[in-house]
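Each chain, written out:
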Amino acid sequence: MKKKITVLFFEFFILSIAFAHNIKLKIKSVVSESGECDNCGKVIVSVHDCEESFKTKSPFMKLELVPTSTEIETALELPDGEYAFCVFQDLNGDGIINSGFMGIPKEPFGFSNYRSKSVPGNFNKHKVIIDKDETIVIELFTMAGR
């Protein structure tokens, strides 16, 4: 029985690698102090692979990126599937996105498939279908009155 489980696990692992795609994640409009970014807060990326993950804020994958300019690029590998990317810049270093009146974010934020013209939506609104190598661009937005 152990041998069957080991073989199945190994086959699943090999298949997941075989169908993984190279994804370049490009994050724009990162806040920097006068062109420099010595201590402007990490950029936190959470990758969600289903509606439940998105709703419960339990990411499939989480990245913490240290910005060196107003644009960040990073690479990751993802198997075929649907994913929603949520990004924010943790300006005060507390590890959470801070919000003010009515839940309006005080820190820069962005989502896949979001253009700031409306309220962010659910997983289906922000999902990206990954079935090939590609670049995903996410722009960070800062709400007025921050």
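Structure: above.
For every chain, the first residue of the written sequence is number 1, and numbering continues from 1 onward in sequence order. Reporting in this predicted model follows two pLDDT cut-offs: at least 70 for local features of residues, and 80 or more for side-chain atom pairs to be given and counted; totals over whole chains, interfaces and linings ignore these cut-offs and use all residues. Think of the side-chain values as coming from all heavy atoms in the structure, minus any hydrogens and water.

### So, the pattern of salt bridges
The term salt bridge refers to a pairing of a side-chain nitrogen on Lys or Arg with a carboxyl oxygen on Asp or Glu at a separation within 4 Å. A complete count under the given rule lists five salt bridges for this structure. Between K24 and E73 there is a salt bridge, with its nearest N and O atoms 3.8 Å apart. In this pair, K24 is assigned in strand 1 (residues 20–28) and E73 in strand 4 (residues 71–79), connecting sequence segments 49 residues apart. Per-residue accessibility, obtained with a 1.4 Å probe over protein chains only, is compared with the maximum for each type, and a residue is labelled buried under 20%, exposed over 50%, and partly exposed between these values. Overall, the relative accessible area of 36% leaves K24 in the partly exposed class. Judged by its relative accessible area of 45%, E73 falls in the partly exposed class. What you see here is one network of salt bridges that share partners, running through K24, K26 and E73. Only DSSP runs of H or I covering at least 4 residues are called helices, and only runs of E covering at least 2 are called strands; the numbering of each starts at the N terminus.

### Points about the packing of aromatic side chains
Stacked, edge-to-face and tilted labels apply to pairs of Phe, Tyr and Trp rings (six-membered ring for Trp) whose centres lie within 6.5 Å, assigned for plane angles under 30 degrees, over 60, and everything in between, in that order. Counted under the stated rule, the structure contains seven aromatic pairs. Taking 6.3 Å as the distance between ring centres and 70 degrees as the angle between the ring planes, the aromatic pair formed by F109 and F111 counts as edge-to-face. F111 shares its class with F109; the two are buried. Consider the rings of F111 and Y114, whose centres lie 5.7 Å apart with planes at 85 degrees: the pair is edge-to-face. Look at Y114 and you get buried, because its relative accessible area is 4%.

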